[in-house]
Amino acid sequence: MTIQDVFDGAQLLCESIATLRRNQLFLTMGDDFAEYAALVAQHRPDQPLGPPFDPAKKLLPRSKGMWVVGHNAAGQVVHTQAMRLLDLDDQTLAQYLQARFHDFPPAGLDIDYDGSWFRPGPAAHRISGRVCYHGEMWLNDDSGVYRGRGIIDVLARVAFLTGLLHWQPDYVVGFMLRPVARRGLAEREGYMHTDPYCLSWKVHGRNEPLDCNMVWMAGDDIRHVMHVPLDEVAA
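Residues numbered from 1 in each chain as written. Predicted model: local features only at pLDDT ≥ 70, side-chain atom pairs only at ≥ 80, totals over all residues. Heavy atoms only, no water.

S.K.: It is not clear to me how the packing of helix α5 (residues 151-167) against helix α6 (residues 178-189) should be interpreted in this structure. Could you clarify?
M.R.: Each pair of packed helices gets described by two things: the angle between the helix axes and the distance between those axes. With their axes 8 Å apart at the nearest point, α5 and α6 run at an angle of 45° to one another. Classified by the angle their axes make, α5 and α6 are oblique. Along its contact with α5, which presents I152, D153, A156 and F160, the element α6 presents L185, R188 and E189. Of the residues contributing to the contact of α5 with α6, the split by class is 4 nonpolar, no polar and 3 charged. (Axes fitted to C-alpha atoms, helices over the stretch in contact; angles between N-to-C directions. Helix = DSSP H or I, 4+ residues; strand = E, 2+ residues; numbered from the N terminus. Parallel < 35°, antiparallel > 145°, perpendicular 65-115°, else oblique. Contact = heavy atoms within 4.5 Å. Nonpolar A, V, L, I, M, F, W, Y, C, P; charged D, E, K, R; others polar.)

S.K.: It is not clear to me how the packing of aromatic side chains should be interpreted in this structure. Could you clarify?
M.R.: Within this structure, the stated rule accounts for 12 aromatic pairs. Both rings, one in Y36 and one in W67, keep their centres 5.7 Å apart while their planes meet at 25°; by these two values the pair is stacked. In this pair, Y36 is assigned in helix α2 (residues 33-43) and W67 in strand β2 (residues 65-71), connecting sequence segments 31 residues apart. There is no split in this pair, since Y36 and W67 are both buried. Through a chain of ring-to-ring contacts, three or more aromatic side chains come together here, namely F33, Y36, F53, W67, Y96, F104, F118, Y133 and F175. (Phe/Tyr/Trp six-rings, centres within 6.5 Å; stacked < 30°, edge-to-face > 60°. Buried < 20%, exposed > 50% of the residue type's maximum accessible area, 1.4 Å probe, protein only.)

S.K.: Help me understand the pairing of strand β5 (residues 131-139) in this model?
M.R.: A regular strand carries its side chains on alternate faces of the sheet. In terms of residue burial, β5 counts as a mostly covered element, since 7 of its 9 residues are buried. Bridge count between strand β3 (residues 77-85) and β5: 6 bridges; the pairing is antiparallel. For R84, the partnering residue across the bridge sits in β5 and is Y133. Two elements, β5 and strand β6 (residues 171-177), share 3 bridges in a ladder whose sense is parallel. Across the sheet, residue Y133 finds its bridge partner in β6, namely V173. The parallel pair β5 and β6, bridged by α5, forms a crossover whose chirality is right-handed. (Pairing = 2+ DSSP bridges. Right-handed = clockwise from strand over helix to strand, strands pointing away.)

S.K.: How should the pairing of β6 be read in this particular structure?
M.R.: Counting buried residues along β6, 5 of its 7 residues qualify, which places the element largely inside the surrounding structure. With 7 bridges joining them, β6 and strand β8 (residues 210-218) adopt antiparallel strand pairing. Counterpart to V173 in the pairing with β8 is W216.

In short, shape yes, function no, at least from these values alone.
In structure tokens form, the structure reads like this:
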């Protein structure tokens, strides 16, 4: 990452945070996942902490993970998201996930792991190096105060810019339920690429599986997206 990238990234991160503050959303960031787990348990009881970010299931050194929590003007927690570096070693993402996809299940469900599967798309066979996993995206907009303002777009940009400045990743990846991705969330978050039907979760007691797309960006994609003007992002 060039000095200009660092300068631009820091400036754009500040602009994104300022935009959220103007929309009555105030961010806290951290790298202690025990603290994050406590915040989620207290303020997000209907959506349990995801296993990829659960310090009881996975050791997450502070150098390899970060989280974002957002509060509204009344001090209530209304947003979460998190990122972590994956330990690929010399593997491709396809090789890593074929052996480890069960480490990334949806939270709070009774998963039938024998009936679930990961089938890598073309990108997963090419993705390697420094790879960030992005998840935990949640925004409580029951009041409607954030609706129609492009808030999700700006929140995702905060995570991408923070990850870029911290780790200079070669790729950022995530999993998104296929119906949700097809309704436009993948694009709203800024993801430029999607591999469909890569992951399917069988849930005990349900007839239909939860099918997921893999969303991803390379480092140059992130640098491109971060220069899209914020008014265009919100639009």
